[in-house]
Amino acid sequence: MIPRYIVDFDPAALETVQTDIIIIGAGIAGLFAALQAAKERRVLMITKKSLFDSNTRYAQGGIAAVISEDDSPEFHRQDTLIAGAGLCDPEAVDVLVHEGPDCVQDLIEYGTLFDEEDGHFALTKEGAHSQRRILHANGDATGYEIVRALAAKVQSVPEVEVWDDHFVLDLLTEEGECIGALVQKPDGTRVIVRGSATILCSGGTGQLYRYTTNPEVATGDGIAMAYRAGAVIRDMEFNQFHPTSLCYPGAPRFLISEAVRGEGAVLRNIRGERFMDKYHPQLELAPRDIVARAIVSEMELTKSTYVYIDITHETPDLIKHRFPNIYEFCLNYGLDMTTDWIPVAPAAHYMMGGVRTDLNGESSIARLFACGEVSSSGVHGANRLASNSLSEAIVFGRRIVERIRSLPPVSLEARTGYAAERIGVPAGKMAERRLKLQKLMVRFAGLRREAHGLTKGLEELRRQSPLYQTEMSTREEFEYANLLTCATLMMEAALLREESRGAHYREDFPDKDDLLWRKHSLMHRERGIGEEFIGDV
């Protein structure tokens, strides 16, 4: 069994730091929440690397919000529900589509510069959107621009203190409330941080897979520590694979934004044949799970490891203006988007599941909140609609801060330590163990799954469980333990769900089954795995 704490500790022997609000992680969720909270409270942001290391920084396409007079919240709502394949929480989606535009204005007030055309915001269209509602910045560098603006603002606000290069080991709880966190400093010493509220903004689980668009910091830390603390984790089987990441010798799996297809790019197999008409009426702009599996099918049919994305029919000026970063990145590897078809393949991209939260971002543990990719807010369902992730982070970040304003100061202290009589240090090199885990996930819990493989994968993962009883001390060891936890939760949930829905595809149960499976998977450290029907409280 996964233990309550990842390390042993004695609160009486550790330094204690007091603040009002603890934010774990950065990205758009952490930065935005910090700025909202700093209007009234002291905030401590803790990042294991820096404010600039997050999935947000690499987000290319943009942020979805109803800005155009031709658009409406109802259109956005319907698109989100359709993409979510029956598992979205309609109330959470309503919150997103109605509050998103105001939160985008907050981003603008914080200094974010979105692209404009003729005095109006330049809006683009992405997969499964019925309208052009995607705001973008610097062509295809939206995430970087948002992080730039928010980080600059955070660094100018005296009420926000930032701890870079600190690793949050675990959440501390007393009497059913989260009272803070146990943190390891860069020098290896540890400190207890207490606060009236703790917000997880630690991102997703992309590093579970060998091929991912995520940075190295995306190791599922927040989900794993929340699970250890006793929070309910929901829908871990739904991990989204982006259909088009660069697949070229010597190049990393760089994201080729969905906006490229939104601007007219087509997909071709290695024979040069356009193929999406065989798979979905929306062609290249079908939901991501459908496009990703279609690409894999074409790769198998043609015995290739990639397909092509082709936008050469557009003018060079449009391509260079709209996608300057993608164009330059590809050019560095000898690929010219204006004349060449770009080889692409699916890669792990976004976790739809995570820490279950209510409409105010609060988890099943009092005073513990989750925002952004680490959370399961109900917005994304079984398959996230493109560019809804950045919107979700700011909408629920603002709601979380509003909820925290009603909380009295925390009165509990960390009284209970933990001693599991751990034995020895972790064996083997963590880099090797991590790579083996990633290969295991690709093989048994990738775009296609089936019971035999999932069962075999779980057996392999459980053979790694003695790691939890060792004396871990390094970031690499803690990250591997968190990845192992998330991998186990994902495979267990994928084995439980005997149907195919959204990003979860079972070859042995290829059809969606609303009668039996229009419900969420729930996981709890002590209560085990369960189910929650849509509409259940």
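The structure under discussion appears in the preceding block.
A brief look at the structure comes next. The shown structure was predicted, so the numbers you read here are calculated from the model rather than taken from an experiment.

Looking at the overall build of the protein chain
When its secondary structure is counted, the protein chain shows 14 helices and 23 strands. Its C-alpha atoms give the protein chain a radius of gyration of 22 Å, near enough to 24 Å, the size a compact globule of 537 residues would have. Counting across all 537 residues of the protein chain, residues that qualify as buried make up 63%. The long-range share in the protein chain, meaning contacts at least 24 apart out of those at least 6 apart in sequence, stands at 73%. Carbon and sulfur atoms form 49% of the exposed surface of the protein chain, whose accessible area is close to 20,200 Å².

Observations regarding the sheet that holds strand β3 (residues 43-46)
Strand order in the open sheet formed by five strands is β9-β3-β2-β13-β20, with parallel pairing between adjacent strands. Because the sheet does not close on itself, it has two edges, and the strands there are β9 (160-163) and β20 (368-370). On average, each strand axis in the sheet is tilted by 20° relative to the strand beside it, whichever way the strands run. The pairing of strand β13 (residues 197-200) with β20 spans three bridges and is parallel. Within β20, the position partnered with Ile199 by the bridge is Phe369.

A word on the packing of aromatic side chains
Counting across every chain of the model gives eleven aromatic pairs. Between Tyr306 and Tyr308 the ring centres are 5.5 Å apart and the planes differ by 70°, which places this aromatic pair in the edge-to-face class. Looking at Tyr306, the relative accessible area reads 24%, which means it is partly exposed. Tyr308 gets classed as buried once you look at its relative accessible area, which sits at 18%. One aromatic cluster is present, formed by Tyr5, Phe9 and Tyr418 through successive ring pairs. Lying over the aromatic face of Tyr5, Arg4 brings its terminal NZ or CZ to 3.9 Å of the ring centre. We note Arg384 situated over the ring of Tyr350; from NZ or CZ to the ring centre the distance is 4.2 Å.

A closer look at the environment of Glu460
Within the secondary structure, Glu460 is located in helix α12 (residues 451-462). Residue classification places Glu460 among the partly exposed positions, given a relative accessible area of 29%. In this structure the C-alpha to C-alpha distance between Glu460 and Glu476, which are 16 residues apart in sequence, comes to 20 Å. There is a polar contact of 2.8 Å between the side chain of Glu460 and the side chain of Arg463.

A short note on the environment of Ile23
Inspection of the secondary structure assignment puts Ile23 in strand β2 (residues 21-24). Judged by its relative accessible area of 0%, Ile23 falls in the buried class. In this structure, the C-alpha to C-alpha distance between Ile23 and Ile46, residues 23 residues apart in sequence, is 6.2 Å.

Thoughts on the pattern of salt bridges
This model, assessed by the stated rule, comprises 36 salt bridges. A salt bridge links Arg133 to Asp71; the shortest N-O distance between them is 2.7 Å. Residue Arg133 is found in the loop between β7 (123-124) and β8 (134-135), and its partner Asp71 is found in the loop between β4 (63-64) and α2 (73-83); the two are separated by 62 residues along the sequence. Judged by its relative accessible area of 0%, Arg133 is buried. Overall, Asp71 belongs to the buried group, its relative accessible area being 8%. For the salt bridge of Arg415 with Glu174, the shortest nitrogen-to-oxygen distance reads 3.6 Å. Note that Arg415 is positioned in the loop between α10 (388-404) and α11 (430-444) and Glu174 in strand β10 (residues 167-174), a separation of 241 residues in sequence.

Things to note about the packing of α11 against α12
Direction vectors running N to C along α11 and α12 enclose 165°, while the axes themselves pass 9 Å from each other. On the basis of their axis angle, the class for α11 and α12 is roughly antiparallel. Relative to α12, the crossing made by α11 is left-handed. Where α11 approaches α12, its residues Leu437, Leu440, Arg443 and Phe444 are matched on the opposing element by Gly453, Leu454, Lys456, Gly457, Glu460 and Leu461. Of the residues assigned to the contact of α11 with α12, the class counts are five nonpolar, two polar and three charged.

Parameters at a glance
- Residues numbered from 1 in each chain as written.
- Predicted model: local features only at pLDDT ≥ 70, side-chain atom pairs only at ≥ 80, totals over all residues.
- Heavy atoms only, no water.
- Helix = DSSP H or I, 4+ residues; strand = E, 2+ residues; numbered from the N terminus.
- Rg over C-alpha atoms; globule rule 2.2 N^0.38 Å.
- Buried < 20%, exposed > 50% of the residue type's maximum accessible area, 1.4 Å probe, protein only.
- Contact = heavy atoms within 4.5 Å.
- Areas by Shrake-Rupley, 256 points an atom, 1.4 Å probe, with all protein chains shown as cover.
- Pairing = 2+ DSSP bridges.
- Axes fitted to C-alpha atoms, helices over the stretch in contact; angles between N-to-C directions.
- Phe/Tyr/Trp six-rings, centres within 6.5 Å; stacked < 30°, edge-to-face > 60°.
- Lys NZ or Arg CZ within 6 Å of the ring centre and 35° of its normal.
- Polar contact = N/O pair within 3.5 Å; in protein donor to acceptor, adjacent residues only side chain to side chain.
- Salt bridge = Lys/Arg side-chain N within 4 Å of Asp/Glu carboxyl O.
- Parallel < 35°, antiparallel > 145°, perpendicular 65-115°, else oblique.
- Left-handed = near helix turned anticlockwise from the far one by under 90°.
- Nonpolar A, V, L, I, M, F, W, Y, C, P; charged D, E, K, R; others polar.

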